[in-house]
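One-letter residues, chain by chain:
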Amino acid sequence: MSDSSLTPDIQARLSELAGVTLDERLTFADLTTLHLGGRPRLVVRCRTASAVAEAVTLLDAHAVPLLVVAGGSNLVVADGELDLVVVLLQNDTLDVDAASGRVVAGAGAVWDDVVAASVEAGLGGIECLSGIPGSAGATPVQNVGAYGAEIADVLVQVQLLERSTGTVSWVPASDLELAYRYSNLKFTSRGVVLAVELQLSPDGLSAPLRFGELARRLGGAARWPVADVREAVLELRHGKGMVVVEGDHDTWSAGSFFTNPVVEPAVADAVQAAVRTSRGDEDADRMPRYPAEGGEKLSAAWLIERAGFSKGHPGEGAPVRLSTKHTLALTNRGSASTSDLVALAREIRDGVRAAFGVELVPEPVWVGVEI
């Protein structure tokens, strides 16, 4: 490992910043929902947006490798010692205006707390995103979505630190090129989200339900009271192990590990034909396939199961397993290493590709390791 560029002088200057506390004890196993990953050089806890901006700008000015972390729900981090500094976002301010529907949240705010406060205020638009782990600042980076809703539906602007210039400004959502699980902030070092502004509906009703499972649970694809939708979503997510629960290893995950692939219609036809041959007409006719930009969206979980991987694979005693509740989550059973996780991810990806010719793409950000 190369020598760190984090000198005692830089560390001393970090410690002098208002709103900053330094921590040398934490590992990525402490900082991620997978509970995996090695030790960074230093963790810089930032309690305000200005502290985040000043810490990142100082580290960038001295070419110190860094990683911005908040909830740690979308990270796969290498084992061992890592030559980087973690900037930990703890700026968790939250302003909810029930009259106008305007919500402004600090990047370090727990995302489900933002949803809960909005629902309590009778605001609609993000109730389908209930129970998603992580922070408010991460939601625009990968355009978080669930049950037919995306943050792009309600995002007005983000407060962004542009790392190339060190400037902080509010950037409209239209500048982020938001698409399915994508923004131009993802996998780039363009900037750091410091806060988000959302525009929600103040009428107490949800967005129109577009996801079949949720619509069936509530009784139809319509607008429903936001509290009812949140309750239904949390029930569905709990049933799949997609809400973090202390001590439940089915929730020691990065959520949905693979994105739902978007393929050309001819590829979807070929997948459906292969399932028809191997599993019969009834199963093939139920194959999820939805119109999407660039083709048709298939269900990654459905493909994983039809490729022969069942819940709990590879079985009792394995350090990393598919969740016993949902095949789209790879879970740490309590004693795993990141290398164990990578091995299972490769097995799942390669198995689906061999069965259907479809390449599953991981959703988490990979740090110091790759699939």
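Structure's up top.
Worth saying up front: this structure is predicted, and the values here are computed from it rather than measured.

S.K.: Could you clarify how one ought to interpret the environment of A109 in this entry?
M.R.: Topologically, A109 is positioned in the loop between strand 7 (102-106) and helix 4 (111-120). Distance from A109 to I304, taken between C-alpha atoms, is 33 Å for residues 195 residues apart in sequence. In this structure A109 touches N91, D92, T93, V114, G134, S135 and A136, once residues within four positions along its chain are discounted.

S.K.: Hey, could you run me through helix 4 in this one?
M.R.: Spacing of three or four residues puts side chains on the same side of an α-helix, whose turn is 3.6 residues. Buried within helix 4 are the following residues: W111, D112, V114, V115, S118 and V119. Down the axis of helix 4, the sector holding all buried residues measures 155°, keeping them to one side. Contact partners of the buried residues in helix 4: strand 6 (94-97), strand 7, strand 12 (191-199) and helix 6 (226-239). Phi for G122, located one or two positions after helix 4, is positive at around 80°.

S.K.: Teacher, can you tell me more about the sheet that holds strand 12 here?
M.R.: Through backbone hydrogen bonds, the strands of a sheet pair up, either in parallel or in antiparallel fashion. Strand order in the open sheet formed by 5 strands is 6-7-12-10-11, and the pairing between neighbours is antiparallel. This sheet does not close on itself; its edge strands, each paired only once, are strand 6 and strand 11 (167-172). Averaged over all pairs of adjacent strands, the angle between their axes in this sheet comes to 15°, without regard to strand direction. The sheet contact formed by strand 10 (residues 155-162) and strand 12 spans 7 bridges and is antiparallel.

S.K.: Whenever I open this one, the environment of A336 confuses me. Can you help?
M.R.: Along the polypeptide, A336 turns up in the loop between strand 17 (330-332) and helix 10 (338-356). Take A336: its relative accessible area is 16%, and that puts it in the buried class. On a C-alpha basis, the gap between A336 and P319 in space is 4.7 Å, while along the polypeptide they are 17 residues apart. If we ignore the near neighbours within four places in the chain, the residues touching A336 are L36, P319 and V320.

S.K.: Whenever I open this one, the sheet that holds strand 2 (residues 42-46) confuses me. Can you help?
M.R.: Taken in spatial order, the 4 strands line up as 1-2-5-3 in an open sheet, and their pairing is mixed. Looking at which strands have only one partner, the edges of the open sheet turn out to be strand 1 (20-23) and strand 3 (66-69). Averaged over all pairs of adjacent strands, the angle between strand axes in this sheet comes to 20°, irrespective of strand direction. Direction of pairing for strand 3 relative to strand 5 (residues 85-89): parallel, over a ladder of 4 bridges. Within strand 5, the residue paired with V68 across the bridge is V87. Sitting on the sheet, helix 1 (residues 8-15) is in contact with strand 1 and strand 2, with an inclination near 135° to strand 1. Packed on one face of the sheet, helix 3 (residues 49-61) meets strand 1, strand 2, strand 3 and strand 5 and runs near 165° to strand 5.

S.K.: Would you mind showing me how to read the pairing of strand 12 here?
M.R.: Walk down a regular strand and you will see the side chains alternate between the two sheet faces. With 8 of 9 residues buried, strand 12 lies mostly within the body of the structure. Across 5 bridges, the pairing between strand 7 and strand 12 is antiparallel. Residue pairing in the sheet places R102 in a bridge with Q199 of strand 12.

S.K.: Quick question: what am I supposed to make of the packing of aromatic side chains here?
M.R.: Here the distance between the centres and the angle between the planes together describe a pair of aromatic rings. On inspection of all chains with the given rule, the structure shows 2 aromatic pairs. Seen from their ring centres, F257 and F258 are 5.2 Å apart, and the 75° between their planes marks the pair as edge-to-face. Judged by relative accessible area, which is 0%, F257 ranks as buried. Relative accessible area serves as the criterion here: at 1%, F258 is assigned to the buried category. Between F257 and W366 the ring centres are 6.1 Å apart and the planes differ by 80°, which places this aromatic pair in the edge-to-face class. Of this pair, F257 sits in the loop between helix 6 and strand 13 (262-263) while W366 sits in strand 18 (residues 365-367), and the two are 109 residues apart along the sequence. This pair shows no difference in class: F257 is buried, exactly as W366 is. One aromatic cluster is present, built from ring pairs that chain together F257, F258 and W366. The ring of Y180 has K297 sitting right over it, with the charged end atom 4.0 Å from the ring centre.

S.K.: Sorry if this is basic, but what is going on with the pattern of salt bridges here?
M.R.: Two side chains of opposite charge can pair, provided their charged atoms sit close to one another. Overall, the coordinates contain 28 salt bridges when judged by the stated rule. One salt bridge in this structure joins R276 and D285, with 3.1 Å as the shortest N-O distance. By relative accessible area, which is 52% here, D285 ends up exposed. A salt bridge links R306 to D283, with the nearest nitrogen and oxygen atoms 2.7 Å apart. Taken together, the residues span a long stretch of sequence, with R306 in helix 9 (residues 300-306) and D283 in helix 8 (residues 281-285) at a distance of 23 residues.

S.K.: I tried to follow the packing of helix 1 against helix 3 on my own but got confused; where do I start?
M.R.: To characterise two packed helices, one gives the angle between the axes of the helices and the distance between these axes. One way to put it is that helix 1 packs onto helix 3 with a least axis distance of 10 Å and a crossing angle of 165°. For the element pair helix 1 / helix 3, the angle class is roughly antiparallel. Crossing hand, helix 1 versus helix 3: right-handed. Residues I10, R13 and L14 of helix 1 form the contact with helix 3, whose own contacting residues are A55, L58 and L59. Residue classes in the contact of helix 1 with helix 3 are distributed as 5 nonpolar, no polar and 1 charged.

Cut-off values and rules
- Residues numbered from 1 in each chain as written.
- Predicted model: local features only at pLDDT ≥ 70, side-chain atom pairs only at ≥ 80, totals over all residues.
- Heavy atoms only, no water.
- Helix = DSSP H or I, 4+ residues; strand = E, 2+ residues; numbered from the N terminus.
- Contact = heavy atoms within 4.5 Å.
- Buried < 20%, exposed > 50% of the residue type's maximum accessible area, 1.4 Å probe, protein only.
- Arc of directions from axis to C-beta.
- Pairing = 2+ DSSP bridges.
- Axes fitted to C-alpha atoms, helices over the stretch in contact; angles between N-to-C directions.
- Phe/Tyr/Trp six-rings, centres within 6.5 Å; stacked < 30°, edge-to-face > 60°.
- Lys NZ or Arg CZ within 6 Å of the ring centre and 35° of its normal.
- Salt bridge = Lys/Arg side-chain N within 4 Å of Asp/Glu carboxyl O.
- Parallel < 35°, antiparallel > 145°, perpendicular 65-115°, else oblique.
- Left-handed = near helix turned anticlockwise from the far one by under 90°.
- Nonpolar A, V, L, I, M, F, W, Y, C, P; charged D, E, K, R; others polar.

In short, geometric facts, not functional conclusions.
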